Amino acid sequence: MEINQTYNYLSLAIEQGIGTLTIERPKVLNALSTEVLEELELMLDDIAMMETIDVLLVTGAGEKAFVAGADIAEMKEKRVFEGRAFSEVGNRVFSKLANLRQPTIACVNGFALGGGCELALACDMRLGAENAKFGQPEVGLGIIPGFGGTQRLARLVGTGMAKELIFTGNIIDAKEAHRIGLLNRVVPAEELITEAQNLANQIRKNAPLAVELSKEVIDRGLEMPIEHGLRLEAEVFGSLFSTEDQTEGMDAFLNRRKASFTKQ
Ligand code: CO8
């Protein structure tokens, strides 16, 4: 399947099973307008169906910003009803990203503020360039994080740290983001995409259905009591014994050869 749509603010490159989705609005530091979010939703719907993408990288155009937030110029004139609608659109689109069947890696190349931090949070993993900066500055604008920040940040870094970031609006650098678990690792800017591709390739070596289902079980499990999560794990674990890739993976191990997975 190929992308047929024309996009004004996004690009998608696909190379050897790795898709790289770039938010391209560098003049305003890749700020997320309604149009950008609508394009993102269409593109994510396509990516979910694309057999040529095993792992998705998400990044921002230019050297300065990943995404500097929701478009403040667009938000300024909104009133209660439109504000809620904007938040609902953002949450719907970011949930599509979070629930994508493929593993996702945010490549944070500069400012990830407000909606930009929330975009990174909706990915499975986050790699940061040394110039990456994170923050949820919404309360300084008279609003709160509205694209999942109050929920995903607290789940990732804990409530104390999430509350400090959200109540103060402070911006933290890559080192601090790494220290609190917001970034998986920090790399020099020029190595960011290569490092993400290396990580993607480590994932791609494994049985694709097992990777997809481990993502599903981790994420669904976080929404339920642990006993239910463990039951879900046992069910999915068992179901994988009906796949050819389970036979292949174990046979390859026992015969000391490289496994060749077929997604069957
Ligand atoms: N929206 C619109 N335009 C932006 C944004 C943004 N979020 N960020 C930057 N820009 C624009 C600037 O206005 C400027 O445009 P112009 O050249 O036309 O004046 C251009 O990008 C370059 O920016 P700066 O000149 O400000 O660059 P600096 O290097 O001086 O500063 C910063 C970089 C620190 C990143 C600064 O631009 C900044 O603070 N940006 C805003 C960051 C922010 O507050 N983000 C959070 C926005 S709120 C949000 O994301 C809420 C999400 C949930 C929404 C819920 C819906 C209700």
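This one's a predicted model, so the numbers in the text were calculated from it and none came from an experiment.

Notes on the state of the cysteines
Turning to step 1, where the next piece is worked out: Taken as a whole, this structure holds 0 disulfides when the rule is applied.
Turning to step 2, where the next piece is worked out: Free cysteine Cys-117: the closest other cysteine sulfur is in Cys-123, separated by 11 Å.
Turning to step 3, where the next piece is worked out: According to the relative accessible area criterion, Cys-117 is buried, its value standing at 2%.
Turning to step 4, where the next piece is worked out: As a non-bridged cysteine, Cys-123 has Cys-107 as the owner of its nearest cysteine sulfur, 8.4 Å distant.
Turning to step 5, where the next piece is worked out: Overall, Cys-123 belongs to the buried group, its relative accessible area being 5%.

Remarks on the packing of helix α9 (residues 208-221) against helix α10 (residues 226-239)
Turning to step 1, where the next piece is worked out: In contact at an axis separation of 9 Å, α9 and α10 are set at 165 degrees when each is read in the N-to-C sense. One element, α9, and the other, α10, form an angle in the roughly antiparallel class. Of the two elements, α9 crosses α10, and the hand of that crossing is right-handed. Of the residues in α10, those in contact with Leu-213, Val-217, Arg-220 and Gly-221 of α9 are Gly-229, Leu-232, Glu-233 and Val-236.
Turning to step 2, where the next piece is worked out: Its residues assigned to classes, the contact of α9 with α10 shows 4 nonpolar, 2 polar and 2 charged.

Observations concerning the site of the ligand
Turning to step 1, where the next piece is worked out: Around the ligand, the structure places 24 residues, and the nearest of them are Lys-64, Ala-68, Ala-70, Ile-72 and Gly-115.
Turning to step 2, where the next piece is worked out: Within the backbone of Ala-68, an N or O atom sits 2.9 Å from a nitrogen atom of the ligand.
Turning to step 3, where the next piece is worked out: At 2.7 Å from an oxygen atom of the ligand is found a main-chain nitrogen or oxygen belonging to Ala-70.
Turning to step 4, where the next piece is worked out: About the coverage of the ligand: the protein hides 64% of its 1100 Å² of free accessible area.

Concerning the packing of aromatic side chains
Turning to step 1, where the next piece is worked out: Overall, the coordinates contain 3 aromatic pairs when judged by the stated rule.
Turning to step 2, where the next piece is worked out: On the basis of an interplanar angle of 70 degrees and a centroid distance of 5.4 Å, the ring pair of Phe-86 and Phe-147 is categorised as edge-to-face. Pair noted here: Phe-86 is in helix α3 (residues 80-98) and Phe-147 is in the loop between β8 (133-135) and α5 (149-157), with a separation of 61 residues, a long-range link.
Turning to step 3, where the next piece is worked out: Residue class for Phe-86 comes out buried when judged on its relative accessible area of 6%.
Turning to step 4, where the next piece is worked out: The structure contains a cluster of three or more aromatic residues connected by ring pairs, namely Phe-86, Phe-94 and Phe-147.
Turning to step 5, where the next piece is worked out: Across the ring face of Phe-86, the terminal group of Lys-78 is positioned such that the distance to the ring centre comes to 4.9 Å.

A few points about the pairing of strand β3 (residues 55-60)
Turning to step 1, where the next piece is worked out: In terms of burial, β3 is largely enclosed, as 6 of its 6 residues are buried.
Turning to step 2, where the next piece is worked out: Because side chains alternate across β3, one face comprises the buried residues Val-55, Leu-57 and Thr-59, and the other comprises Leu-56, Val-58 and Gly-60, equally buried.
Turning to step 3, where the next piece is worked out: In terms of handedness, the path from strand β2 (residues 18-23) via helix α1 (residues 34-49) over to β3 forms a crossover that is right-handed.
Turning to step 4, where the next piece is worked out: As paired elements, β3 and strand β5 (residues 104-108) share 3 bridges and run parallel to each other. Considered in β5, the bridge of Leu-56 is made with Thr-104.

Re the domain arrangement of the protein
Much of the literature gives interface size as the accessible area that the parts lose upon coming together.
Turning to step 1, where the next piece is worked out: Here the domain parsing of the protein yields domain 1 (10-204) and domain 2 (208-254).
Turning to step 2, where the next piece is worked out: For domain 1 and domain 2, the distance between their C-alpha centroids amounts to 27 Å.
Turning to step 3, where the next piece is worked out: Across the domain 1-domain 2 interface, the total number found is 2 salt bridges.
Turning to step 4, where the next piece is worked out: For Lys-215, the salt bridge is made with Asp-124, and the minimal N-O distance between the two is 2.9 Å.
Turning to step 5, where the next piece is worked out: Summed over the shared surface of domain 1 and domain 2, the number is 5 residue pairs in polar contact (both at pLDDT 80 or more).
Turning to step 6, where the next piece is worked out: Within the side of domain 1 that touches domain 2, the residues separate by chemical class into 5 nonpolar, 3 polar and 2 charged.

Here's the deal with the side chain of Asp-71
Turning to step 1, where the next piece is worked out: For Asp-71, the position within the fold is in the loop between β4 (65-67) and α2 (72-75).
Turning to step 2, where the next piece is worked out: At a separation of 2.9 Å, a polar atom in the side chain of Asp-71 contacts the main-chain amide nitrogen of Ala-73.
Turning to step 3, where the next piece is worked out: In this structure, Asp-71 is in contact with Arg-25, Ala-31, Leu-32 and Ser-33, ignoring residues within four places of it in sequence.

Here is what the cut-offs are and how they apply
Residues numbered from 1 in each chain as written. Predicted model: local features only at pLDDT ≥ 70, side-chain atom pairs only at ≥ 80, totals over all residues. Heavy atoms only, no water. Disulfide = S-S within 2.5 Å. Buried < 20%, exposed > 50% of the residue type's maximum accessible area, 1.4 Å probe, protein only. Axes fitted to C-alpha atoms, helices over the stretch in contact; angles between N-to-C directions. Helix = DSSP H or I, 4+ residues; strand = E, 2+ residues; numbered from the N terminus. Parallel < 35°, antiparallel > 145°, perpendicular 65-115°, else oblique. Left-handed = near helix turned anticlockwise from the far one by under 90°. Contact = heavy atoms within 4.5 Å. Nonpolar A, V, L, I, M, F, W, Y, C, P; charged D, E, K, R; others polar. Near = heavy atom within 4 Å. Polar contact = N/O pair within 3.5 Å; in protein donor to acceptor, adjacent residues only side chain to side chain. Areas by Shrake-Rupley, 256 points an atom, 1.4 Å probe, with all protein chains shown as cover. Phe/Tyr/Trp six-rings, centres within 6.5 Å; stacked < 30°, edge-to-face > 60°. Lys NZ or Arg CZ within 6 Å of the ring centre and 35° of its normal. Right-handed = clockwise from strand over helix to strand, strands pointing away. Pairing = 2+ DSSP bridges. Domains from an automatic or database assignment. Salt bridge = Lys/Arg side-chain N within 4 Å of Asp/Glu carboxyl O.

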